[in-house]
Amino acid sequence: MNKLTIIIALTMTILSKNMAQENPAYQIPPESIMQLADYQRAPQVSIDTKKNFIIFSYRSTYKTLEDLNQVEMSMGGLRINPVTNIASATNYINNLKVGKVYGNEPVQVKGLPTNARIAFITWAPDETKIAFTNTSATGVELWVLDLATAQAKKLTDAVLNANLGNPLDWYRDSKKLLVRFLPIKRLALIDSKSDLPTGPIVSESNGSTSQNRTYPDLLKNSVDEANFVTLTTSELYNVDLNGKTELFKKEDMYATISISPDGNYMLVTTFQKPFSYVVPLNRFPQVSKVYNLNGIEIKKVNDVPLSEVIPKGFMAVRTGKRSMNWRADEPATLFYVEALDGGDPQLKVTYRDAIYLWKAPFSENPYLLTKTIQRYSNIVWGNNNVAVLQDEWYDTRNEKTYLINPSKPGENPKVIYDRNFQDVYSDPGSFETWKNEFGKYVLAIDKNSLFLIGEGHTSKGQFPFIDEFNLKTLKTSRLYQSSYTDKIEEIFDIEDYKNGEALVRIQSKNEYPNYYFRKFRKKNDLTQLTYFPNPFESIKDVYKELIKYKRADGVELSGTLYLPAGYDRTKKEKLPLLIWAYPAEYKDKNSAGQITANPNEFTYPYYGSFVYWVTRGYAVLDDAAFPIVGEGKEEPNDTFIEQLVSNAKAAIDAVDSLGFIDRKKVAVGGHSYGAFMTANLLTHCDLFACGIARSGAYNRTLTPFGFQTEQRNYWDAPDVYNTMSPFMNAEKMKTPILLVHGEADNNPGTFTLQTERYFQALKGLGAPARMVILPKEQHGYVARENILHLLWEQDQFLEKYLK
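Calculation rules
Residues numbered from 1 in each chain as written. Predicted model: local features only at pLDDT ≥ 70, side-chain atom pairs only at ≥ 80, totals over all residues. Heavy atoms only, no water. Axes fitted to C-alpha atoms, helices over the stretch in contact; angles between N-to-C directions. Helix = DSSP H or I, 4+ residues; strand = E, 2+ residues; numbered from the N terminus. Parallel < 35°, antiparallel > 145°, perpendicular 65-115°, else oblique. Contact = heavy atoms within 4.5 Å. Nonpolar A, V, L, I, M, F, W, Y, C, P; charged D, E, K, R; others polar. Pairing = 2+ DSSP bridges. Phe/Tyr/Trp six-rings, centres within 6.5 Å; stacked < 30°, edge-to-face > 60°. Lys NZ or Arg CZ within 6 Å of the ring centre and 35° of its normal. Salt bridge = Lys/Arg side-chain N within 4 Å of Asp/Glu carboxyl O. Core = buried A, V, L, I, M, F, W, Y, C linked by side-chain atoms within 4.5 Å. Buried < 20%, exposed > 50% of the residue type's maximum accessible area, 1.4 Å probe, protein only.

1. Description of the packing of helix H6 (residues 640-657) against helix H7 (residues 673-684)
Logical step 1: Look at H6 against H7: their axes get within 10 Å of each other, and the N-to-C directions meet at 85 degrees. One way to sum up the angle between H6 and H7 is to call them roughly perpendicular. Together, Phe-640, Ile-641, Leu-644, Val-645 and Ala-648 of H6 and Tyr-673, Phe-676, Met-677, Asn-680, Leu-681 and His-684 of H7 make up the contact between the two elements.
Logical step 2: For the contact of H6 with H7, the per-class residue count stands at nine nonpolar, two polar and no charged.

2. Overview of the sheet that holds strand S39 (residues 526-528)
Logical step 1: One open sheet accounts for four strands, arranged S36-S37-S38-S39; its pairing is antiparallel. Looking along the sheet, the strands with just one partner apiece sit at the ends: strand S36 (488-496) and S39. Going from strand to strand, the sheet's axes swing by 30 degrees on average, the running direction of each strand aside.

3. Quick notes on the sheet that holds strand S22 (residues 353-359)
Logical step 1: As summarised here, the arrangement of the four strands in space is S20-S21-S22-S23, forming an open sheet in which the pairing is antiparallel. Bordering the open sheet on either side are strand S20 (322-326) and strand S23 (367-372), each of which pairs with just one other strand. Strand after strand, the sheet turns through a mean of 20 degrees between neighbouring axes, direction not considered.
Logical step 2: Judged from the five bridges that link them, S22 and S23 form a sheet pairing that is antiparallel. Within the sheet, the bridge partner assigned to Asp-353 lies in S23 and is Thr-372.

4. Here's the deal with the packing of aromatic side chains
Logical step 1: Applying the stated criterion across every chain yields a total of 43 aromatic pairs.
Logical step 2: Judged by centre distance (5.7 Å) and plane angle (45 degrees), the rings of Tyr-102 and Phe-517 are tilted. Remark: Phe-517 occurs in strand S38 (residues 514-519) and Tyr-102 occurs in the loop between strand S6 (95-100) and strand S7 (107-108); sequence separation between them is 415 residues.
Logical step 3: With a centroid separation of 5.3 Å and an interplanar angle of 65 degrees, the aromatic rings of Phe-335 and Trp-381 are classed as edge-to-face. Here the residue Phe-335 occupies a position in strand S21 (residues 333-339), and Trp-381 occupies one in strand S24 (residues 375-381), the gap between them amounting to 46 residues.
Logical step 4: An aromatic cluster is defined as three or more aromatic residues linked by ring pairs; in this entry it consists of Tyr-582, Phe-640, Tyr-673, Phe-676, Phe-705, Phe-707, Tyr-714, Trp-715 and Tyr-721.
Logical step 5: Here the basic side chain of Arg-478 rests over the ring of Phe-465, its NZ or CZ set 4.0 Å away from the ring centre.
Logical step 6: Cation over ring: Arg-700 sits above Phe-707, and NZ or CZ is 4.2 Å from the ring centre.

5. Digging into the pattern of salt bridges
Logical step 1: If you walk through the whole model with that rule in mind, you get 36 salt bridges.
Logical step 2: The partner of Arg-663 in a salt bridge is Asp-656, with the nearest N and O atoms 3.1 Å apart.
Logical step 3: Each of Arg-322, Asp-341, Arg-352, Asp-353 and Arg-375 takes part in salt bridges that share partners, so that together they form one network.

6. A look at the nonpolar core
Logical step 1: One finds Ile-579, Leu-621 and Phe-688 to be the most contacted residues of the largest nonpolar core, which totals 60 residues.
Logical step 2: With nine residues, H6 is the largest single contributor of residues to this core.
Logical step 3: Excluding residues within four positions of it along the chain, Phe-688 makes contact with Ile-579, Ala-648, Ile-652, Val-666, Ala-667, Val-668, Leu-681, Leu-682 and Thr-735.
Logical step 4: Judged by nonpolar contacts, the second largest core, of 48 residues, contains Ile-54, Phe-532, Val-620 and Tyr-781.

Geometric values such as these leave the question of function open.
If you want it as structure tokens, here you go:
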């Protein structure tokens, strides 16, 4: 054998190994990572407004592959288990405990189903009971829990239809529920694989312009349409607390049901045909009718056609009545919004939207309440004289908050806040609500004052607050502001206005978040409600610091730096650095440079960051700021690549200036748009030794009508789309990259195909790449087997290319 033959044989052997398909068994990460990943999740907490009961809801830290390996049908934007008739991705609670708010240890709820799979916990209006569903092997059951006795009771067999979400609503008297049942004479589902088609699938464009995003799980054919009808059709039954059932309405495709505040009417919306193959179910035709409690139709109040064609832009909306619901402060008054600009943000008009009121029993016509200069965003009702209205405009990032008087229709609203909604330092907070006589949440109005709760981000740190807003002067006065500099105090709501008591949650980097009552008017004393321990004691001595730095153009940046426990910051041993980030778009440098990260946040390692690897001898810069700014007429993405590289260089320079890292051993990683960022950084700069990109999109021509916050389509800005697409620049990639994706990703734009095609391009061009497809996973990963293997893959990759 001559020398050339030997070289060729050796080369072919190496290539075959480098290009071989691997199918490894599931692996687990090293012990230091496993110790953090293998923990028990703390329960979720829910407290009634009377401060009598506290409910603890427990669920497993991870799902299992068996949980994901279920029968599934995808249609109209839904993913449904047709056997159990509930969303296939439902996160189930497996245990409940109940305690007194000021009592002792919570008690175990008695009578729960074996191997409970609980969902849709819903408080009764009188807050003495909760209803919930349990998913058995054959379907969804209705259960009720009496809180005083901590006794659960099954009300129905597995006959509920939860395919469109929560299948139950309490009546105002708390004595019975309105529940969606599977039809008694339900049609059988059609197997599209066994039935031969009767003709081709035809779609047609009528010449109208419409920019629809790349929606997942759409209807594809007539079989899907028939199955969609079968799966979404329900009968409405009244069910009392003894399990007695009574038919209320015959079968239909019930989309939403809302009972009026006084309990005398219900607004029922149903899906109609024709369906669409290009948009999801929320844009299918819908009809809304109001019924009385005897099921008699009072008025057809809305008829929405198929909404396939909507103007271009984030502020575009359909024409006709939208956002219809009951006014929370009146017995039975509907409100709704209508566009005054045809739903087209490109048109120049004085007013964008109008808000109307319509009183039951709807014998009179609706009447105009007010108009908004920008697109309607939200309204919080208070009483007949006070409501708070918001409108917004995305292009300018502007948000206006108004005070309106509902008893004076047509009166000009009073502007109380006019701000950039990305300017977190100027955020006045959110208006606090309480329950009124109807059991509905309305503005908390006490002695001519409203109340605001804010997150309190400032240039000097985070200091959450409670403000009192005077309705006459429109001025605020501060009732309380957290003064912690070594902890975070989150303020959830005011529980007692007279005595000044708020529900808060306090945490530090080593103190697990726990709930307290804070008396804020006088002594500011605390009453602890929960005592959840820190499950991550092994990293309690890790060094953690919020570092601030600037990129070349002066934009302020920040990130949370972690160093291994015991690391000597005086000797400054050079460590490899891992950067985890996610880009965000802004219209001004001031907002882009504001800091919301808090170093006192509890250190909670999870698969969505690199924090695990601080136990493996790495320095970690977590949540590194990667703003993309476009001021004036410039769009952020016009200089996306340049700003991305500038952000990365500034981050590496900042940590390197501290003397802790070897800047030749830096890796970057991200998920979704962070994966897109990672691939672009490895393609367009030489700052990194390797990168990890998970569940990203890499070819923007496959999302031609916009992505993330990009409103322009591909034909408006082809250079932007092409320049930003790593797939289009795959020949430039020379840096090792680990590509990971869920096999069943249902996030718009990040279909699994994106990673598969990008890997094929990299492989064909000889780039060093590894692709891992996680079985059964969607956009976020949930199965224990997959997450542990992911951590192993990442550790192996980093050890190989960084250490």
